[in-house]
Amino acid sequence: IYADNAVPQVSPASTAVAYTHQGFATTYRVMANDSQQGKALGQYATRLGKRVAVVDDRTAYGQGLIDEVVKSVKAAGGEVVGREYTTDKSTDFTAILTSLKSKRPDVVVFGGMDPQAAPMVRQMRTLGMKAAFLGGDGMQSAEFIKLAGRAAEGAIGSSPGLPLEKMPGGADFAKRFGERFGKIQIYAPFSHDAAVVLIQAMLRANSTESGKVLAELGKTRLDGVIGPIAFDDKGDLVDGPVTLYK
């Protein structure tokens, strides 16, 4: 609908690859996508061991992320020894984990959210699986640690972007945002830079007319709070960083 009406979008949070890959000239994002995140997870998984098992929750997010992990593992010379599926409502993973255990994976990578990731890693440890446990930003949360308890120890979750303290403009942003609004939520610096990208495009176009603004968005070259911002021909952030948290 936005594309049909030439409304520019600069997302601070959308990571699904399809968001910018449908051929719309209106979509941009200032966050690494799931392809970039999946590539980082797959590369790191193969550094921990060559035998990698994957599980996804069948959602667009979870399945899309694991599809990219699988590609990355194979490209890095690893072997995907098993792929299993669950749902975003399940809490009992005994059957799929028992199946994966027999394949002796060095690493299990999960695509999904923390309410599934936490019981999954608990059940892995109950079954005596010593494989490393990795996941995307859906499990990179304090809630995962709370729900998983001791089983969370050593788990690794990825998150698009740099930690606030490592962003080039992070310290100054934290100070100014904190003084005005209080506690910073994870997407605040990305939302700030998304707005700045739009404002700068309007200034360059000397117009708020959407067609003129869109003509300028693709030319963006900006040193934002989050770091350098430029877009590829799909509207994705060039060299979008991904951080792994243990």
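Structural notes, computed from the coordinates.

Quick notes on the rules
- Residues numbered from 1 in each chain as written.
- Predicted model: local features only at pLDDT ≥ 70, side-chain atom pairs only at ≥ 80, totals over all residues.
- Heavy atoms only, no water.
- Helix = DSSP H or I, 4+ residues; strand = E, 2+ residues; numbered from the N terminus.
- Rg over C-alpha atoms; globule rule 2.2 N^0.38 Å.
- Buried < 20%, exposed > 50% of the residue type's maximum accessible area, 1.4 Å probe, protein only.
- Contact = heavy atoms within 4.5 Å.
- Areas by Shrake-Rupley, 256 points an atom, 1.4 Å probe, with all protein chains shown as cover.
- Lys, Arg positive; Asp, Glu negative; His and termini not counted.
- Charge placed at Lys NZ, Arg CZ, Asp CG, Glu CD.
- Expected span 1.5 Å × (residues − 1).
- Phe/Tyr/Trp six-rings, centres within 6.5 Å; stacked < 30°, edge-to-face > 60°.
- Lys NZ or Arg CZ within 6 Å of the ring centre and 35° of its normal.
- Salt bridge = Lys/Arg side-chain N within 4 Å of Asp/Glu carboxyl O.

## Concerning the overall build of the chain
- Across its full length, the chain carries eight helices and 10 strands.
- The C-alpha radius of gyration computed for the chain amounts to 20 Å, which stays within 12% of the reference 18 Å derived for 246 residues, consistent with globular compactness.
- For the C-alpha atoms alone, the extent of the chain along its principal axes is close to 65 × 40 × 30 Å.
- By residue count, 46% of the 246 residues in the chain fall in the buried class.
- Of the contacts made within the chain by residues no fewer than 6 positions apart, 65% connect residues no fewer than 24 positions apart.
- For the chain, the exposed surface amounts to about 12300 Å²; the carbon and sulfur share of it is 53%.
- Here the chain carries 29 positive and 26 negative side-chain charges, and the mean point of each set is 6 Å from the other.

## What about helix H4 (residues 114-126)?
- In this model H4 runs 18 Å from its N-terminal to its C-terminal C-alpha over 13 residues, within 8% of the 18 Å that 1.5 Å per residue would give.
- When we look at burial in H4, the residues that qualify are Asp114, Gln116, Ala117, Ala118, Pro119, Met120, Val121, Gln123 and Met124.
- Where H4 is buried, its residues meet strand E3 (51-56), helix H3 (94-101), strand E5 (107-111), strand E6 (132-135) and helix H5 (142-148).

## Comments concerning the packing of aromatic side chains
- Throughout the structure, instances matching the rule amount to four aromatic pairs.
- Residues phenylalanine 133 and phenylalanine 144 carry aromatic rings whose centres are separated by 6.5 Å and whose planes lie at 20 degrees to one another, so their mutual orientation is stacked. Of this pair, phenylalanine 133 sits in strand E6 while phenylalanine 144 sits in helix H5, and the two are 11 residues apart along the sequence.
- Taking the centre distance of 5.4 Å and the plane angle of 35 degrees together, the rings of phenylalanine 173 and phenylalanine 177 count as tilted. With a gap of four residues between them, phenylalanine 173 and phenylalanine 177 both fall in helix H6 (residues 170-181), about one helical turn apart.
- One aromatic cluster is present, built from ring pairs that chain together Phe173, Phe177 and Phe181.
- If you follow arginine 58 out to its NZ or CZ, it ends over the ring of tyrosine 85, 3.8 Å from the centre.

## Some words on the pattern of salt bridges
- Using the criterion set out here, one finds 11 salt bridges in the structure.
- Residue aspartate 88 pairs with lysine 89 through a salt bridge whose shortest N-O separation is 3.3 Å.
- By relative accessible area, aspartate 88 is classed as partly exposed at 34%.
- Here lysine 89 falls in the exposed class, since its relative accessible area comes to 66%.
- If you follow the salt bridges from partner to partner, you end up with Asp56, Asp67 and Arg83 in one network.

## Some thoughts on the side chain of serine 159
- Note on placement: serine 159 falls in strand E7 (residues 156-160).
- If we skip the residues at most four places from it in the chain, serine 159 touches Gln37, Asp137, Gln140, Ile186, Val242, Thr243 and Tyr245.

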